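Chain residues, written in single-letter form:
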Amino acid sequence: MRFRTKIILICCLSVLCSSIICSVTVYDLVKRISLDAAESQSYQNAHVTFSEIEEKISSLVVGKDDSMEHKVLDYILKTQGDEMLLCFASGDRETEIYNDTVFQQKDLSGLSYHSAEVLEQSIDVAEMKWEGRQFLVLRQEVNGVCVLYKLEEITYVLTRMRMLGIGLLLLTAAITAVVSLILFFILKRMLRPLQRLNEGAKQIARGQYDERVVIEQKDEVGELSSNFNAMAEAVQSRIQKLKEIEHKRTLFMGNLTHELKTPMTAISGYAKTLLTVKLPEEDREDALCYIYQESCRLERLSKKMMHLLLLEEDDSISLAEVSAERLFHNAEEACSQSLQESGIFLECHSAGESYLVDADLMTEVLINLIDNARKASSKGDRIILSARENVIEVQDFGRGIPKEEQEKILEPFYRIDKSRSRASGGAGLGLAITAMILKRHNCSIHMESGLGEGTRMILQFV
């Protein structure tokens, strides 16, 4: 069952129940008032009739001749002109004196009477149903001579109440129908944004992540629409990021395959030659030396790959206050041999600065930056490693980096001079690892470089 249908049903049931309760209450109240009014009027009429007859009997009836007495009573009652008036002799006798109705004394005397006071006069009252008609039977004994019965029909009250009940029933049905229609159109308009949300969700489920919902009203539904758009934006951003990551991984695997292919081909070729061809001892040693060198390069490449993957998976690192002097000393010791072989001089400048870092990882960052600076420099050049507040700089005076290449050098396997990097044993992973480590330290890296002007790598700590 749809949400709108549920709301309409609940509201209609509530309106219906409220209308029924109100109708029943009104019906019962009107019925009581109408019956009370009819009974009161009947009492008044009976009191007037009984008083007039009693007065006439008191002034006219004399003697003890029953036949004469009954004739006088018959005459008096006829002059009243009331067809619903009955008179029977009092006492044990059941002599009928006056009766123009179909009722007998036994029909009336057997009713359940109760006493009612009307203007200080006691009148016996009972209710009687006959052929679908409702009567009030009022009884009074007059001067011990006769018993008077007066019938007051109150069927009109029940008829009116029946008509009132039908009217209330029709009114309840009409109110419920009108409320249903009003609710239908109101809810249709109010739930229109939810329908758009539903359609938007379907579109996103089909892969249309740019789908957004128009916000028309500032209420709970509008807030829901706003949150839906924010969710869709986050989903789209996440999907785009995942696509970019997948694309980078594809490139990463392609570059890795390419990097592995060259040394593996060489190793396989030299190994096959050694197995199938009898070479002079000097050539044999050269082949084994080349196999060893390429194996070492593969080992270095695999270590860097493992390091890069671990950095991507592990977000937690241990930070501590480490002095710039200690970081520079560790990096200088690690790079001393390669700098000496290349004829490059390293200058370190610090003035007691310290940084919140992981000492080993930050040392590796400096080693990678110094090693890249060494590869870009010529024999006799110098590299300056300096520290100031929240900043570490590595500056060389070598070839420099073209402007169009500066945004790409942090990508894995990217090398500006492919042949030179491979010849020097590089795989283009050093700066990628550096960027990952700096990201874990909430540290940014910037570069200032120009062709023939050298390069300055700036590490900015937040």
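Counting starts from 1 at the beginning of each chain's written sequence and moves along it residue by residue. For this predicted model, a pLDDT threshold of at least 70 governs which residues receive local features, and a threshold of 80 or more governs which side-chain atom pairs are given and counted, while totals over whole chains, interfaces and linings are taken from all residues. Hydrogens and waters are ignored; side-chain quantities use all the structure's heavy atoms.

**Points about the packing of helix α8 (residues 324-342) against helix α9 (residues 359-376)**
Moving on, step 1. Axis geometry follows a simple rule: fit a line to the C-alpha atoms, using only the stretch in contact for helices, then measure angles between N-to-C directions, giving values from 0 to 180 degrees. Here a helix means four or more residues in a row that DSSP labels H or I, a strand means two or more in a row labelled E, and each is numbered from the N terminus. Contact geometry of α8 with α9 gives a least axis separation of 9 Å together with a crossing angle of 30 degrees. Considering their axes alone, α8 and α9 lie roughly parallel with respect to each other. Crossing handedness for the pair α8 and α9: right-handed. Contacts from R326, L327, F328, N330, A331, A334, C335, S338, L339 and S342 in α8 reach A359, M362, T363, L366, I367, I370, D371 and R374 in α9.
Moving on, step 2. Of the residues assigned to the contact of α8 with α9, the class counts are 11 nonpolar, four polar and three charged. Note on terminology: angles under 35 degrees are roughly parallel, angles over 145 are roughly antiparallel, angles of 65 to 115 are roughly perpendicular, and the others are oblique. By convention, the crossing between two helices is left-handed when the near helix turns anticlockwise from the far helix through less than a right angle, and right-handed when the turn is clockwise. Contact between two residues is taken to exist if any of their heavy atoms lie within 4.5 Å; hydrogens are not considered. Under the scheme applied here, ten amino acids are nonpolar (Ala, Val, Leu, Ile, Met, Phe, Trp, Tyr, Cys and Pro), four are charged (Asp, Glu, Lys and Arg), and all others, including Gly, are polar.

**A look at the sheet that holds strand β3 (residues 114-118)**
Strand pairing in a sheet relies on backbone hydrogen bonds, with the paired strands running either antiparallel or parallel.
Moving on, step 1. In spatial order, the strands read β2-β1-β6-β5-β4-β3; together these six strands make up an open sheet with antiparallel pairing. The sheet terminates laterally at β2 (96-99) and β3, the two strands that pair on one side only. For this sheet the average axis-to-axis angle between neighbouring strands, irrespective of direction, equals 25 degrees.
Moving on, step 2. Criterion used throughout: strands pair if DSSP finds at least two bridges between them. Pairing analysis gives three bridges linking strand β1 (residues 85-89) to β2, with the strands arranged antiparallel. Looking at β2, one finds that L86 is bridged to N99.

**Considerations on the pattern of salt bridges**
Moving on, step 1. We define a salt bridge as a side-chain nitrogen of Lys or Arg found within 4 Å of a carboxyl oxygen belonging to Asp or Glu. What the rule picks out here adds up to 12 salt bridges.
Moving on, step 2. The salt bridge involving R456 is made with E448; its shortest N-O contact spans 3.8 Å.
Moving on, step 3. Only protein chains enter the calculation, and the probe is 1.4 Å; a residue is then buried if its accessible area is under 20% of its type maximum, exposed if over 50%, and partly exposed in between. Residue classification places E448 among the partly exposed positions, given a relative accessible area of 46%.
Moving on, step 4. Overlapping salt bridges bring together R388, E393, E448 and R456 as one network.

**A few points about the pairing of β1**
Moving on, step 1. Judged by how many residues are buried, β1 sits mostly within the fold: five of five residues are covered.
Moving on, step 2. Burial along β1 is two-sided: L85, C87 and A89 and L86 and F88, pointing in opposite directions, are all buried.

**Things to note about the nonpolar core**
Moving on, step 1. Among the buried residues, those of types Ala, Val, Leu, Ile, Met, Phe, Trp, Tyr and Cys that are joined through side-chain atoms within 4.5 Å form a nonpolar core. In this structure, L366, I370 and L459 are the most contacted members of the largest nonpolar core, which totals 35 residues.
Moving on, step 2. Elements supplying a minimum of two residues to this core: α8, β9 (354-357), α9, β10 (382-388), β11 (391-396), α11 (430-440), β12 (443-450) and β13 (454-461).
Moving on, step 3. For this core, the element with the most residues is α9, which contributes eight residues.
Moving on, step 4. Counting 27 residues, the second largest nonpolar core, distinct from the first, contains L77, V125, V145 and C146.

**Details of α8**
Moving on, step 1. An ideal rise of 1.5 Å per residue puts 27 Å on 19 residues; α8 measures up with 25 Å between its terminal C-alpha atoms.
Moving on, step 2. In this scheme, the bend at a residue equals the angle between the axes fitted to the seven residues that finish there and the seven that begin there. Maximum bend of α8: about 50 degrees, positioned at S336.
Moving on, step 3. Every buried residue belonging to α8 is among A324, L327, F328, A331, C335 and L339, and all of these are buried.
Moving on, step 4. Taken together, the buried residues of α8 touch β7 (320-323), β8 (345-349), β9, α9, β10 and β11.
Moving on, step 5. At the exit of α8 stands G343, carrying a positive phi of roughly 70 degrees. Given the number of residues in a helix, its expected span is that number minus one, multiplied by 1.5 Å.

**Quick look at helix α5 (residues 192-205)**
Moving on, step 1. For α5, which comprises 14 residues, the first-to-last C-alpha distance of 20 Å matches the rise-based estimate of 20 Å (1.5 Å per residue) to within 8%.
Moving on, step 2. Taken residue by residue, α5 has P193, L197, G200, Q203 and I204 as its buried positions. One side of α5 holds all its buried residues, which, seen down the axis, span an arc of 120 degrees.
Moving on, step 3. Where α5 terminates, the next one or two residues include G207, which has phi positive at roughly 105 degrees. Here the arc refers to the directions that run from the helix axis out to each C-beta atom.

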